[in-house]
Amino acid sequence: MRQARHVATLHHLGGFARGWDPGECAALLADASVVTDGVFAGSSAVPSGFVMSRKAADEAEILSIVVKPDQRGSGLGRALLGAHLGQLAARGVTQVFLEVEDGNAAADRLYRHFGFREVGRRKGYYPKPDGSKATAVTMRLDLA
C-alpha cells in the first residue's frame, strides 16, 4: 500500500483535474494487465516519477506519466518513457496509444520525441479545475 500512496501523491502533483486516490493506485498496481515503471532520483526510496500503461493483446494505452515538479526538465521523463516503451516492446506490444490535453506543450514534445503522432481529438474531454473542458489529443506510436 505504501507504493500506492507514493503513486497517488505523484499523480496529484501531475496537474490533473482529478488525481487518483491510493485505492485506485493499489488496484492498478495489482492488475496483471498494467505495466508500471518508476524513476528514482539520487538515493531516494520514493519515486520521482512513474508511468503506467494497460496492455491488451499487442496494444497498450499509457494511463498516466508524471514526474515531480522539481525534477521536470531534468531528462527523467524522457528516460522513464524510453525505458517503459522498451518494457512494452519486450512484452509484445506493437502499438501504444495515449491521450494528452491539447496545449500541454511539454508532454507533446516528449511524446513526439519518441515518434508518437496525433490520430484523433476528443473535444470537451478533460474537465479543468475552473469547470471548463479541454480537448484531448489522441496519439499513437508503432513499436514494430
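These lines cover the structure that appears in this document, whether it is placed above or below. (Residues numbered from 1 in each chain as written. Predicted model: local features only at pLDDT ≥ 70, side-chain atom pairs only at ≥ 80, totals over all residues. Heavy atoms only, no water.)

**Comments concerning the packing of helix α3 (residues 76-90) against helix α4 (residues 105-113)**
- The geometry of α3 relative to α4 is characterised by a closest axis approach of 10 Å and an angle of 45 degrees between their N-to-C directions. The angle between α3 and α4 places the two elements in the oblique class. Crossing hand, α3 versus α4: right-handed. Across from G77, R78 and L81 in α3, the residues of α4 making contact are L110, Y111 and H113. (Axes fitted to C-alpha atoms, helices over the stretch in contact; angles between N-to-C directions. Helix = DSSP H or I, 4+ residues; strand = E, 2+ residues; numbered from the N terminus. Parallel < 35°, antiparallel > 145°, perpendicular 65-115°, else oblique. Left-handed = near helix turned anticlockwise from the far one by under 90°. Contact = heavy atoms within 4.5 Å.)

**Thoughts on the layout of surface pockets**
- Looking at the largest pocket, its volume works out to about 1300 Å³.
- Looking at the largest pocket, it is lined by 40 residues, and the ones nearest its centre are F16, I65, N104, A107 and Y111.
- Those elements giving two or more residues to the lining of the largest pocket turn out to be β3 (59-67), α3, β4 (95-101), α4 and β5 (117-127).
- Per-class residue counts for the lining of the largest pocket are 19 nonpolar, 11 polar and 10 charged. (1 Å grid on protein atoms, 1.4 Å probe; cavity = no way out; pocket = protein on both sides within 12 Å on 5 of 7 lines; lining within 4 Å. Points joined across faces, edges and corners; volume = space filled by probe spheres on them. Nonpolar A, V, L, I, M, F, W, Y, C, P; charged D, E, K, R; others polar.)

**Comments concerning α4**
- Regarding α4, the residues found buried are A107, L110 and Y111. All buried residues of α4 fall inside an arc of 95 degrees around its axis, so they share one side.
- On its buried face, α4 is in contact with β3, α3, β4 and β6 (133-142).
- Downstream of α4 by one or two residues, G115 has phi in the positive range, about 100 degrees. (Buried < 20%, exposed > 50% of the residue type's maximum accessible area, 1.4 Å probe, protein only. Arc of directions from axis to C-beta.)

**Concerning the packing of aromatic side chains**
- Under the defined criterion, the tally for this structure stands at three aromatic pairs.
- With a centroid separation of 5.7 Å and an interplanar angle of 65 degrees, the aromatic rings of Y111 and F116 are classed as edge-to-face. Each of the two residues, Y111 as well as F116, counts as buried.
- Ring centres of Y125 and Y126 lie 5.2 Å apart, and the angle between their planes is 75 degrees; on these two criteria the pair is classed as edge-to-face. (Phe/Tyr/Trp six-rings, centres within 6.5 Å; stacked < 30°, edge-to-face > 60°.)

**With respect to the nonpolar core**
- Counting 23 residues, the largest nonpolar core has V96, Y111 and F116 as the members making the most contacts within it.
- A total of five residues in this core trace back to one element, the largest contributor, which is α3.
- Setting aside residues no more than four positions away along its own chain, V96 makes contact with A60, I62, L85, L88, F116, M139, R140, L141 and L143.
- In this structure, A4, V7, C25 and V66 belong to the second largest nonpolar core, which totals 11 residues. (Core = buried A, V, L, I, M, F, W, Y, C linked by side-chain atoms within 4.5 Å.)

**Section: the pattern of salt bridges**
- According to the stated counting rule, one finds nine salt bridges in the structure shown.
- Through salt bridges that share partners, D102, E118 and R121 make up one connected network. (Salt bridge = Lys/Arg side-chain N within 4 Å of Asp/Glu carboxyl O.)

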